[in-house]
Amino acid sequence: RNGDTAKDEYTDKVTFQLRDNRSYRFFGLKQDWIWDVSPHVSLKSGFDLKQVNAEYDYVFNLDDTRTNSAGVVGPFHNNNDIQTKPSGQQTGVYLSTRFNPWPDLYVETGLRNDRATWADDNLWSPRLSGAYNLTPRTVLRGGWGKYYQSQFINNLDVHHSAADFDPAELSTHYVVGLEHNFDYGIHARVEGYRKQITRLSDSYQNLRDPWEVFPEARNDDVLLRYDGAETAGVELFLKYDQGKKLSWWFSYARARAEERVVDIEFDGLLVEQTGTLRRINNQDHTVYADVNYRPNSRWHINLSWQYYTGWPLTTYDYVANRPYTEAPAPDLHMAATHNQFRGEDYPAYHRMDIRVNRDIRLGDATLKVYLHI
C-alpha cells in the first residue's frame, strides 16, 4: 500500500503519507503416508516443514485535527517508521486413524502438532469425527476438534507499532449433521454447529468504515479487547443434479456470531458498549439459491440469488466542537459523534444475477459469448 492525502474540510483537516511494502518467501517439504492396515483400519500420517522469511518497510506520517473524548479539538500527530525482517520455521506433524468397527459405523481420530517459531507457538490439536449409516440413504455425522490459527509472518500489525506476534487463536468446533438422498435425485443436508473461540487477539477496527484501505489514517480507529467469541447455527442445504437440463441448489442458515468485548480504547466521541456483542460480520439469516438450465450443449442459463440480514453498524452524527486547545480555530470544525457501538444494523443485502452463455463453433475453435446482468 502506498498513499497520501491532504484535506482541509469541515470534517477532515488531515495530511498523511504512507508506505507499506512487505513480502515473504518460504521453501519447504511436505509428505503424507496412507497405510491400509486392514479392510477396516486405515492410518494416515504426514509432516509439513517450512522455512519462512518476511520483510517489512513501513513509514507513516500523519498530522490531523481531532476531537478527544472530552469534546475538545486539538492537533494530533502520529509518526511510525518500521523496517524489520522476521524469519522462522513452521512445522506441522499429524497422525490420524480411520476405522470401521461395525458395518455402518466409521470413526476417525487424529492428533496434530503445529509450531511457528516467530510467534513461539507449540500447539497440540486433537480431533474426533464419525459417520453412521442409519439407512442406505441416510447418514448421521458428528465431529469435534480443536483448531489453532497462528498469526502469519506477513501479518504483523506494524500499523500500530506492534513489535511481537500475537499468540495463536484457538477455535473448538462441535458439528452434527444429517444427510439424506430422496427420490428424484434430491440430496438434503441439515447441520448444526458451535464454535468457541478463545485466546482471541485484540484488534483495531474503524467505527464508520471497517473496510478502509488506510485504516490507521482515520480518526475513528478503535482498539477492542476481547474475552473470547462464539458462533453457532443451523444450516439447511438442498441439491438436485442428475445431469439433466435442469439443476438447482438452495441453502439457508440461521446463525449467530458473538464476541465478548471487555474494553474499547478510543479517544473520541463514542457511546461505548461492552459485554457480549454481535461480531462485525454477524448474519442472523442467510439464503443462497442457484438454478441452471442447459437446453442443449450450446446454451447455459443461470439464475442465482443471495440474501442476508444486515451486519452490525455504529451510526454517527456531526457536531460543532469547542475551539482548539493550543490556538483559536481558524474556521468551523465538525466532529463525528458516534452513537452506541454496534447499536444498529445495516439494511438486509440482496443480490440477483442472471447469466446466459452461448458456445459458437468456428471450425476447430469455439467462441464463448455471454450476457451477465
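Structure shown above.
Residues numbered from 1 in each chain as written. Predicted model: local features only at pLDDT ≥ 70, side-chain atom pairs only at ≥ 80, totals over all residues. Heavy atoms only, no water.

1. Observations concerning the pattern of salt bridges
Here's step 1: According to the stated counting rule, one finds 20 salt bridges in the structure shown.
Here's step 2: With a closest N to O distance of 3.0 Å, Arg 1 and Asp 20 form a salt bridge. Of this pair, Arg 1 sits in the segment before strand E1 (2-8) while Asp 20 sits in strand E2 (residues 13-38); the two residues are 19 residues apart in sequence, bridging distant segments of the chain.
Here's step 3: A relative accessible area of 29% means that Arg 1 is categorised as partly exposed.
Here's step 4: The residue Arg 218 makes a salt bridge to Glu 212 at a minimum N-O spacing of 3.0 Å.
Here's step 5: The class for Glu 212 is partly exposed, based on a relative accessible area of 24%.
Here's step 6: Salt bridges sharing common partners tie together Arg 1, Asp 20, Arg 22 and Glu 216. (Salt bridge = Lys/Arg side-chain N within 4 Å of Asp/Glu carboxyl O. Helix = DSSP H or I, 4+ residues; strand = E, 2+ residues; numbered from the N terminus. Buried < 20%, exposed > 50% of the residue type's maximum accessible area, 1.4 Å probe, protein only.)

2. Observations regarding the sheet that holds strand E19 (residues 316-320)
Here's step 1: Here 3 strands make up an open sheet; going across it, the order is E14-E20-E19 and the pairing mixed. Strands at the two margins of the open sheet, each flanked by one partner only, are strand E14 (269-271) and E19. Here the strands of the sheet are splayed against their neighbours by 25° on average, with no regard to which way each runs.
Here's step 2: Two strands pair when backbone bridges link them, and E19 and strand E20 (residues 334-340) are joined in this way by 5 bridges, in the antiparallel orientation. Its bridge partner lying in E20, Val 319 is registered against Ala 335. (Pairing = 2+ DSSP bridges. Axes fitted to C-alpha atoms, helices over the stretch in contact; angles between N-to-C directions.)

3. A word on the pairing of E2
Successive side chains on a regular strand alternate, one facing one side of the sheet and the next facing the other.
Here's step 1: As judged from the 7 bridges shared by E1 and E2, these two strands associate in the antiparallel manner. Bridge pairing in E2 places Thr 5 opposite Phe 16.
Here's step 2: The turn joining E1 and E2, which pair antiparallel and follow one another in sequence, is formed by 4 residues.
Here's step 3: By the bridge criterion, 24 bridges tie E2 to strand E3 (residues 41-67) in an arrangement that is antiparallel. The residue of E3 that forms the bridge with Phe 27 is Gln 51.
Here's step 4: Hairpin connection from E2 to E3: 2 residues lie between these consecutive antiparallel strands.

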